[in-house]
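# Coordinates in review
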Amino acid sequence: MAISRDQQIAALRERLRDRSATLSGLTPGSPSHTGLQTECDAIYAEIKRLEGTRSVNPRLLLTILGITVLVLLSLLSGH
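Description of the structure in this document. Values in this document were obtained by computation on a predicted structure and should not be read as measured data. (Residues numbered from 1 in each chain as written. Predicted model: local features only at pLDDT ≥ 70, side-chain atom pairs only at ≥ 80, totals over all residues. Heavy atoms only, no water.)

### So, the overall build of the protein
Helix and strand content of the protein: three helices and zero strands. Counted from the first residue to the last, the protein has its helices and strands arranged as α-α-α. The C-alpha extent of the protein, read off along each of the three principal axes, is 75 × 15 × 15 Å. The 79 residues of the protein split such that 14% are buried. Counting only contacts in the protein whose residues sit at least 6 apart along the sequence, the fraction spanning at least 24 positions is 63%. For the protein, the computed accessible surface area is about 6,300 Å², with 63% contributed by carbon and sulfur atoms. (Helix = DSSP H or I, 4+ residues; strand = E, 2+ residues; numbered from the N terminus. Buried < 20%, exposed > 50% of the residue type's maximum accessible area, 1.4 Å probe, protein only. Contact = heavy atoms within 4.5 Å. Areas by Shrake-Rupley, 256 points an atom, 1.4 Å probe, with all protein chains shown as cover.)

In C-alpha cells:
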C-alpha cells in the first residue's frame with residue numbers, strides 16, 4: 001500500500017520533532033550532537049523536497065489514461 005506524500009511529510013515532521021527534542025539535551029559540539037544535527041538537517045531537507053513536489057493520485061492518472069485510450073480507439077474505429 002502506497003503512502004501518500006502528505007503522510008510521508010507528517011511522518012518526517014514527527015521524526016524531526018523527536019530528534020530535535022533529543023538534540024536539545026545533548027552538548028553542542030559533541031559527536032552525538034553533531035551526528036544528530038546532521039540527521040535533523042537531512043530530515044528537514046527531505047520534508048522541503050517533498051513539499052516542493054506535486055502529489056498525483058494514481059487512480060486519477062489511470063482514469064485519465066483509460067479515457068484517452070477509449071477516445072483514441074473510438075476515433076480509430078470510426079474511420
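This is not the end of the story, as more comes after the structure.
### Focus: the environment of Leu-76
As for its placement among the helices and strands, Leu-76 is situated in helix α3 (residues 58–78). Put simply, Leu-76 and His-33 are 43 residues apart on the chain and 65 Å apart in space, counted from C-alpha to C-alpha.

### Notes on the nonpolar core
Counting nine residues, the largest nonpolar core consists of Ile-9, Leu-12, Leu-16, Leu-23, Leu-36, Cys-40, Ile-43, Ile-47 and Leu-50. Contributions of two or more residues to this core are made by α1 (5–24) and α2 (31–51). In terms of residue count, α2 provides more of this core than any other element does, five residues in total. Contact partners of Leu-12, with chain neighbours within four places excluded, come to Ile-43, Glu-46, Ile-47 and Leu-50. (Core = buried A, V, L, I, M, F, W, Y, C linked by side-chain atoms within 4.5 Å.)

### Concerning the pattern of salt bridges
For the coordinates displayed, the defined rule picks out seven salt bridges. We note a salt bridge from Glu-46 to Arg-49, for which the minimum N-O separation is 2.8 Å. In this pair, Glu-46 and Arg-49 both sit in helix α2, three residues apart, roughly one turn of the helix. The closest approach of N and O atoms between Glu-51 and Lys-48, which form a salt bridge, is 3.1 Å. (Salt bridge = Lys/Arg side-chain N within 4 Å of Asp/Glu carboxyl O.)

### Digging into a nonpolar patch on the surface
A contiguous nonpolar patch, built from Leu-62, Leu-65, Val-69, Leu-70 and Leu-73 and spanning about 510 Å² of accessible area, is present on the exposed surface. Along the polypeptide, Leu-73 turns up in helix α3. (Patch = residues over 30% accessible without salt bridge, like charges linked within 9 Å, V, L, I, M, F, W, Y side chains within 5 Å.)

### Describing the packing of α1 against α2
It is the contact of α1 with α2, at a shortest axis distance of 9 Å, that shows an interaxial angle of 160 degrees. On the basis of the axis angle, α1 is roughly antiparallel to α2. When the axes of α1 and α2 are compared, the crossing they make is left-handed. On α2, the residues that touch Arg-5, Gln-8, Ile-9, Leu-12, Arg-13, Arg-15, Leu-16, Arg-19, Ser-20, Thr-22 and Leu-23 of α1 are His-33, Leu-36, Gln-37, Glu-39, Cys-40, Ile-43, Tyr-44, Glu-46, Ile-47, Leu-50 and Glu-51. Each residue belonging to the contact of α1 with α2 can be placed in one class, and the counts come to ten nonpolar, five polar and seven charged. (Axes fitted to C-alpha atoms, helices over the stretch in contact; angles between N-to-C directions. Parallel < 35°, antiparallel > 145°, perpendicular 65-115°, else oblique. Left-handed = near helix turned anticlockwise from the far one by under 90°. Nonpolar A, V, L, I, M, F, W, Y, C, P; charged D, E, K, R; others polar.)

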